[in-house]
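Read off the chains here:
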Amino acid sequence: MALMKVLSTTVVSAVSGELVGPQERVMIRELEEDRVRGWDEFVWQQANATFFHLTGWKRVIERTFGYRPRYLFAERSSRITGILPLFEISNWIQGKCLVSTPMAVYGGISAEDEESHAALLHAAKRMAKAEDVQHLELRQQHSELFPEFHPNKLYTTFSGELDPNPDDLLRRLPRDTRYMIRKAQKNGMRVERSLQETLAFYRLFVQSMHRLGTPALPQLFFENLVDEFKTLADVLVLYSKRGPVAAVFSFRFRDTILPYYAGASSEAPGLAANNLLYWELMMRSAAEGLRKFDFGRSKKGTGAYAFKTQWNMVAQPLDYQMYLVKRKNVPNFTPLNPKFERAANIWSKLPQTLATRLGPHVVRWFP
């Protein structure tokens with residue numbers, strides 16, 4: 001039986017896993033164009049759905065990396081009651097796998113009831129087995145560990161509340177962070193906030209990635225993000241007298257600003273530019289009416305993790321988890337893996353122009 005037919009007739013009880021009566025049944029289907037609007041409406045209304053559940057992210061990932069989308073949704077009486085954005089990815093490093101969601105900090109199942117959640121989980125596991133993948137990864141934000149899944153506790157997310165009063169917002173920050181912000185303000189940097197600053201941002205971004213020994217995402221990715229999320233994307237750049245020194249590419253979602261990608265020149269640390277960069281983003285976002293600051297994920301033991309602990313944010317481990325099909329152990333494809341440490345050191349020593357050209361070809365192996 002074709003997988004589409006299997007999915008479209010899947011009916012699962014959250015309690016027993018058995019078929020249930022027609023008056024209660026939940027159907028699982030793969031997303032088609034005529035249901036895109038309903039999917040996005042569900043995302044905006046469902047509290048546990050995230051920016052990365054929007055179908056705009058699907059279109060950007062497809063156009064940039066060519067991964068195959070396998071988006072599943074649950075419906076009851078023709079109404080969407082749960083969603084699971086999935087991509088099928090295949091390369092020589094990871095093999096074939098299913099990921100929710102690539103290049104995203106959050107993903108996984110978002111459902112309004114237990115039956116829809118259980119049906120989506122069941123369908124995803126069946127798809128993983130039918131496609132004979134190495135593993136199925138669900139980047140759940142906050143969730144219990146699902147049966148037969150293995151936890152991946154590498155990442156922690158940081159978030160905090162915003163205040164429209166800049167003085168009150170500043171007082172919430174630790175003393176050392178306030179000092180660094182004031183130090184940066186004395187350096188006379190100017191702020192530009194516009195999607196037209198995307199190229200300036202990208203040039204700083206590739207510099208930072210090169211210093212870290214990490215392949216950079218392609219410029220096309222950010223162009224596609226701007227094209228897709230014209231009202232939700234945000235670019236803020238700090239300029240010193242010598243030119244752009246620090247920048248952040250963010251997303252707006254509901255009442256939250258999510259600074260997602262950042263870059264800085266070698267001049268930035270001496271100017272305390274990164275401190276001022278995030279302060280300006282906080283203050284301006286709060287003035288616009290946004291009330292939450294999602295600092296995104298970082299791995300323990302990294303400089304980014306240490307930097308985020310200096311902003312009086314709430315740290316919460318992310319509940320990523322994997323269902324192993326062909327693979328026997330949970331993989332670790334991060335730079336913290338000693339196997340990749342040497343590669344990162346070599347990459348950081350490549351000429352930046354060469355690293356920038358090669359980066360887009362390499363980064364797609366690590367979704």
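Reading the values: rules and limits
- Residues numbered from 1 in each chain as written.
- Predicted model: local features only at pLDDT ≥ 70, side-chain atom pairs only at ≥ 80, totals over all residues.
- Heavy atoms only, no water.
- Helix = DSSP H or I, 4+ residues; strand = E, 2+ residues; numbered from the N terminus.
- Rg over C-alpha atoms; globule rule 2.2 N^0.38 Å.
- Contact = heavy atoms within 4.5 Å.
- Areas by Shrake-Rupley, 256 points an atom, 1.4 Å probe, with all protein chains shown as cover.
- Lys, Arg positive; Asp, Glu negative; His and termini not counted.
- Charge placed at Lys NZ, Arg CZ, Asp CG, Glu CD.
- Core = buried A, V, L, I, M, F, W, Y, C linked by side-chain atoms within 4.5 Å.
- Buried < 20%, exposed > 50% of the residue type's maximum accessible area, 1.4 Å probe, protein only.
- Salt bridge = Lys/Arg side-chain N within 4 Å of Asp/Glu carboxyl O.
- Pairing = 2+ DSSP bridges.
- Axes fitted to C-alpha atoms, helices over the stretch in contact; angles between N-to-C directions.
- Polar contact = N/O pair within 3.5 Å; in protein donor to acceptor, adjacent residues only side chain to side chain.
- Phe/Tyr/Trp six-rings, centres within 6.5 Å; stacked < 30°, edge-to-face > 60°.
- Parallel < 35°, antiparallel > 145°, perpendicular 65-115°, else oblique.
- Nonpolar A, V, L, I, M, F, W, Y, C, P; charged D, E, K, R; others polar.

1. Examining the overall build of the chain
- Within the chain, the regular secondary structure consists of 13 helices and 17 strands.
- For the chain, whose C-alpha radius of gyration is 21 Å, the value lies close to the compact-globule estimate of 21 Å for 367 residues.
- In terms of principal-axis extent, the alpha carbons of the chain reach across some 70 × 45 × 35 Å.
- Contacts in the chain between residues at least 24 apart in sequence constitute 73% of all its contacts with a sequence separation of at least 6.
- For the chain, the exposed surface amounts to about 17200 Å²; the carbon and sulfur share of it is 50%.
- Across the chain, the mean location of the 49 positive side-chain charges is 7 Å away from that of the 38 negative side-chain charges.

2. A short note on the nonpolar core
- Judged by nonpolar contacts, the single largest core of 56 residues is most densely connected at Trp57 and Tyr261.
- The element best represented in this core is helix H7 (residues 198-212), accounting for 7 residues.
- Excluding anything up to four places from it in sequence, tyrosine 261 contacts Trp57, Met103, Phe201, Phe205, Leu217, Phe221, Phe222, Leu225, Ala247, Val248, Phe249 and Phe251.
- Counting residues in hydrophobic clusters, the runner-up holds 34 residues, among them Leu238, Ala273, Leu277 and Phe293.

3. A few points about the environment of proline 360
- Mapping proline 360 onto the fold places it in helix H13 (residues 352-363).
- For proline 360, a relative accessible area of 22% corresponds to the partly exposed category.
- Through-space distance from the C-alpha of proline 360 to that of phenylalanine 65 is 9.0 Å; in sequence the pair is 295 residues apart.
- Sequence-distant contacts of proline 360, defined by excluding residues within four places in its chain, comprise Ala216 and Pro218.

4. Regarding the pattern of salt bridges
- Considering all chains together, one arrives at 27 salt bridges under this definition.
- One salt bridge in this structure joins glutamate 280 and arginine 284, with 2.8 Å as the shortest N-O distance. One end of the pair, glutamate 280, and the other, arginine 284, are both in helix H10 (residues 273-287), 4 residues apart, so they sit about a helical turn from each other.
- Overall, the relative accessible area of 11% leaves glutamate 280 in the buried class.
- One salt-bridge network, held together by shared partners, links Glu30, Arg68, Arg70, Glu88, Lys96 and Glu131.

5. Observations concerning the sheet that holds strand S15 (residues 292-299)
- Strand order in this open sheet of 7 strands is S11-S12-S13-S14-S15-S10-S16, and the pairing throughout is mixed. The open sheet terminates on both sides in strands that have one partner only, identified here as strand S11 (190-193) and strand S16 (314-317). If you compare each strand with its neighbour and ignore which way they point, the axes differ by 25 degrees on average.
- Seen against the sheet, helix H8 (residues 219-228) touches strand S13 (243-253) and strand S14 (256-264) and runs at an angle of roughly 45 degrees to S13.

6. Quick look at the side chain of serine 208
- Here serine 208 shows up in helix H7.
- Judged by its relative accessible area of 10%, serine 208 falls in the buried class.
- Here the side chain of serine 208 touches alanine 264 through a polar contact of 2.8 Å, landing on its backbone nitrogen.
- Filtering out sequence-adjacent residues up to four positions away, serine 208 remains in contact with Ala262, Gly263 and Ala264.

7. Some thoughts on the packing of aromatic side chains
- By the definition in use, this model includes 46 aromatic pairs.
- Measuring from centroid to centroid gives 5.2 Å for phenylalanine 158 and tyrosine 305, while their planes differ by 75 degrees, and the two rings are edge-to-face. Taken together, the residues span a long stretch of sequence, with phenylalanine 158 in strand S10 (residues 155-161) and tyrosine 305 in helix H11 (residues 303-308) at a distance of 147 residues.
- Its relative accessible area of 1% is what places phenylalanine 158 among the buried residues.
- Where phenylalanine 249 meets phenylalanine 251, the ring centres are 5.7 Å apart and the plane angle is 70 degrees; that geometry is what we call edge-to-face.
- Taking the relative accessible area as the measure of exposure, phenylalanine 249 reaches 0% and is therefore buried.
- A relative accessible area of 1% places phenylalanine 251 in the buried class.

8. Some details on the sheet that holds strand S17 (residues 319-324)
- Across the sheet, which stays open at both edges, the 6 strands sit in the order S2-S5-S6-S8-S17-S9 with mixed pairing between neighbours. Only two strands of the sheet have a single neighbouring strand rather than two, namely strand S2 (68-69) and strand S9 (150-152).
- One ladder, built from 3 bridges, connects S9 with S17; its direction is antiparallel. Residue pairing across strands places asparagine 152 opposite tyrosine 320, the latter belonging to S17.

9. What about the side chain of glutamine 140?
- Along the chain, glutamine 140 falls in strand S8 (residues 135-140).
- At a separation of 2.7 Å, a polar atom in the side chain of glutamine 140 contacts the main-chain amide nitrogen of isoleucine 109.
- Setting aside its immediate chain neighbours within four residues, glutamine 140 contacts Gly107, Gly108, Ile109, Phe146, Leu318, Asp319, Tyr320 and Gln321.

10. Some remarks on the packing of H7 against H13
- Two elements in contact, H7 and H13, have axes whose closest approach is 10 Å; the angle formed by their N-to-C orientations is 100 degrees. Judged by the inter-axis angle, H7 sits roughly perpendicular to H13. For the pair formed by H7 and H13, the contact residues are Val206, Gln207 and His210 on the first element and Gln352, Ala355 and Thr356 on the second.
- Of the residues belonging to the contact of H7 with H13, the class tally is 2 nonpolar, 4 polar and no charged.

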